[in-house]
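What follows is the residue order along each chain.
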Amino acid sequence: MKLILPKDYHPTLTVRDTEAAIVYIRETFQDKLASILGVQRMSAPMFVEKASGLNDNLNGVERPVGFDMKAIPDSEIEVVHSLAKWKRLALKRYGFGMHEGLYTNMNAIRRDEDLDNFHSIYVDQWDWEKIIAKEERNTDTLEVTVMKIFKAIKATEKLVTARYPGSTYRLGDHVSFITTQELEDRWPELSPEERENKIAKEEKAVFIMKIGDKLKRSGKPHDGRALDYDDWQLNGDLIFWYEPLQSKIEVSSMGIRVSEESLREQLKKAYCEDREKLPFHKMLLEGKLPYTIGGGIGQSRLCMLLLGKAHIGEVQASIWPEEMIEKCESDHIHLL
């Protein structure tokens with residue numbers, strides 16, 4: 001359990017005012033996101049059948065919360081880790097056309113999450129997905145989309161600042177781009193997390209690209225990334241430097257999704273060719289799914305960032321170890 005206790009922390013909003021601000025941020029941002037990306041709000045599942053292959057395997061070691069159900073006794077049901085693959089299938093099933101897309105509220109349980117100021121076992125995010133042409137599967141498309149999301153965040157910040165002028169953390173005015181290999185080349189002696197902190201402090205807002213594949217110097221990935229939805233050469237994380245905690249904070253993970261070719265390549269690299277037989281993967285490899293770009297944007301993370309909170313537990317109700325609760329209370333951090 002890692003915990004940062006900022007010096008002389010005193011929240012400027014009461015719990016009730018914080019809750020009102022959370023509602024305002026969420027409603028404001030999702031409207032901005034829908035307008036700027038041109039995506040439609042859709043309903044989404046909280047759980048899927050394990051055999052469908054639709055659940056996000058994350059790094060492959062995290063245990064999903066599973067259960068059985070009376071109506072389908074032979075099926076294993078899993079609470080989603082994310083909706084990365086479900087969204088792509090939904091775009092086909094619901095008849096979305098070229099450059100059309102969806103967004104949804106995603107709620108997940110990640111029971112094996114390492115808890116700290118930014119991580120909870122409860123995950124809430126806006127999941128979005130949009131159809132693109134195969135020839136648009138490139139870095140330009142990725143960067144233009146990142147800048148649109150950054151624009152939505154900045155537009156929300158402006159409105160939140162006007163409503164809560166003394167309680168809003170101010171963000172940088174532009175987002176920069178860098179690859180994980182460029183980070184390793186620049187700071188080979190540092191860990192990936194230390195590199196992210198260095199570049200975030202330097203740039204204030206940065207999109208770190210190409211996550212999942214092995215780096216040249218270390219022979220290890222910068223960070224884990226599921227092998228069957230993001231193309232490791234066309235993905236990344238949007239992070240900000242967060243002054244109150246002297247740390248970077250990741251707000252969004254996104255990318256252009258795998259093609260038939262990149263899925264086969266990544267399955268082979270991870271020694272997971274057996275997944276080719278799963279229904280979702282089989283459809284993709286047979287060319288029956290659209291090419292897409294998509295990602296997730298943390299709802300509680302964005303609220304925490306814009307409101308200058310010291311702990312994600314100040315903007316979402318979850319479960320925390322008693323030791324963490326006590327330490328936070330002694331530092332004026334009141335967890336919901």
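Report on the accompanying structure. Computed from a predicted structure; not experimentally measured.

### Focus on the pairing of strand 3 (residues 66-69)
Thinking step 1. Pairing analysis gives three bridges linking strand 3 to strand 4 (residues 72-79), with the strands arranged antiparallel. Note on strand 4: the bridge partner recorded for Gly-66 is Glu-78.
Thinking step 2. Connecting strand 3 to the next strand, strand 4, in antiparallel fashion are two residues.

### What to know about the environment of Ile-319
Thinking step 1. On the secondary structure map, Ile-319 appears in the loop between helix 8 (299-307) and helix 9 (322-330).
Thinking step 2. Sequence separation between Ile-319 and Ile-121 is 198 residues, and the spatial gap between their C-alpha atoms is 7.7 Å.

### Observations concerning a nonpolar patch on the surface
Thinking step 1. On the surface, a nonpolar cluster with roughly 450 Å² of combined accessible area is contributed by Met-46, Phe-47, Phe-67, Met-69 and Ile-72.
Thinking step 2. Mapped onto the secondary structure, Met-46 falls in the loop between strand 1 (39-41) and strand 2 (47-49).

### Observations concerning the packing of aromatic side chains
Thinking step 1. According to the stated counting rule, one finds five aromatic pairs in the structure shown.
Thinking step 2. A ring pair is formed by Tyr-169 and Tyr-242, whose centres lie 5.1 Å apart and whose planes are at 80°; its orientation type is edge-to-face. Of this pair, Tyr-169 sits in the loop between helix 3 (139-163) and strand 7 (176-179) while Tyr-242 sits in strand 9 (residues 230-242), and the two are 73 residues apart along the sequence. With respect to class, Tyr-169 is no different from Tyr-242; both count as buried.
Thinking step 3. Between Phe-177 and Phe-207 the ring centres are 6.0 Å apart and the planes differ by 65°, which places this aromatic pair in the edge-to-face class. Residue Phe-177 is located in strand 7, and its partner Phe-207 is located in strand 8 (residues 205-209); the two are separated by 30 residues in the primary sequence.
Thinking step 4. One residue, Arg-163, lies across the ring of Tyr-24, its end atom 3.9 Å from the ring centre.

### A few points about the nonpolar core
Thinking step 1. Ranked by size, the top nonpolar core spans 57 residues in total, and within it Ile-149, Ile-153 and Phe-240 carry the most contacts.
Thinking step 2. Ranked by the residues each element gives to this core, the list is headed by helix 1 (residues 15-37), at eight residues.
Thinking step 3. Excluding anything up to four places from it in sequence, Ile-149 contacts Phe-29, Leu-33, Leu-37, Trp-128, Leu-238, Met-254 and Ile-297.
Thinking step 4. Membership of the second largest hydrophobic core comes to 25 residues, among which are Phe-96, Leu-102, Met-106 and Phe-280.

### Observations regarding helix 2 (residues 84-93)
Thinking step 1. By the criterion of burial, helix 2 is predominantly enclosed, with eight of the 10 residues buried.
Thinking step 2. Among the residues of helix 2, those classed as buried are Ala-84, Lys-85, Trp-86, Lys-87, Arg-88, Leu-89, Ala-90 and Leu-91.
Thinking step 3. On its buried face, helix 2 sits against strand 5 (101-109), strand 6 (122-131), strand 10 (247-257), helix 7 (279-285) and strand 11 (292-298).
Thinking step 4. Immediately beyond the C-terminal end of helix 2, within one or two residues, lies Gly-95, with a positive phi of roughly 75°.

### Some remarks on unusual backbone geometry
Thinking step 1. Phi angles above zero are rare outside glycine, and Tyr-271 is one such case at about 55°.
Thinking step 2. Topologically, Tyr-271 is positioned in the loop between helix 6 (260-269) and helix 7.
Thinking step 3. Residue class for Tyr-271 comes out exposed when judged on its relative accessible area of 73%.
Thinking step 4. Unusually for a residue other than glycine, His-332 sits at a positive phi of about 65°.

Here is what the cut-offs are and how they apply
Residues numbered from 1 in each chain as written. Predicted model: local features only at pLDDT ≥ 70, side-chain atom pairs only at ≥ 80, totals over all residues. Heavy atoms only, no water. Pairing = 2+ DSSP bridges. Helix = DSSP H or I, 4+ residues; strand = E, 2+ residues; numbered from the N terminus. Patch = residues over 30% accessible without salt bridge, like charges linked within 9 Å, V, L, I, M, F, W, Y side chains within 5 Å. Areas by Shrake-Rupley, 256 points an atom, 1.4 Å probe, with all protein chains shown as cover. Salt bridge = Lys/Arg side-chain N within 4 Å of Asp/Glu carboxyl O. Phe/Tyr/Trp six-rings, centres within 6.5 Å; stacked < 30°, edge-to-face > 60°. Buried < 20%, exposed > 50% of the residue type's maximum accessible area, 1.4 Å probe, protein only. Lys NZ or Arg CZ within 6 Å of the ring centre and 35° of its normal. Core = buried A, V, L, I, M, F, W, Y, C linked by side-chain atoms within 4.5 Å. Contact = heavy atoms within 4.5 Å.

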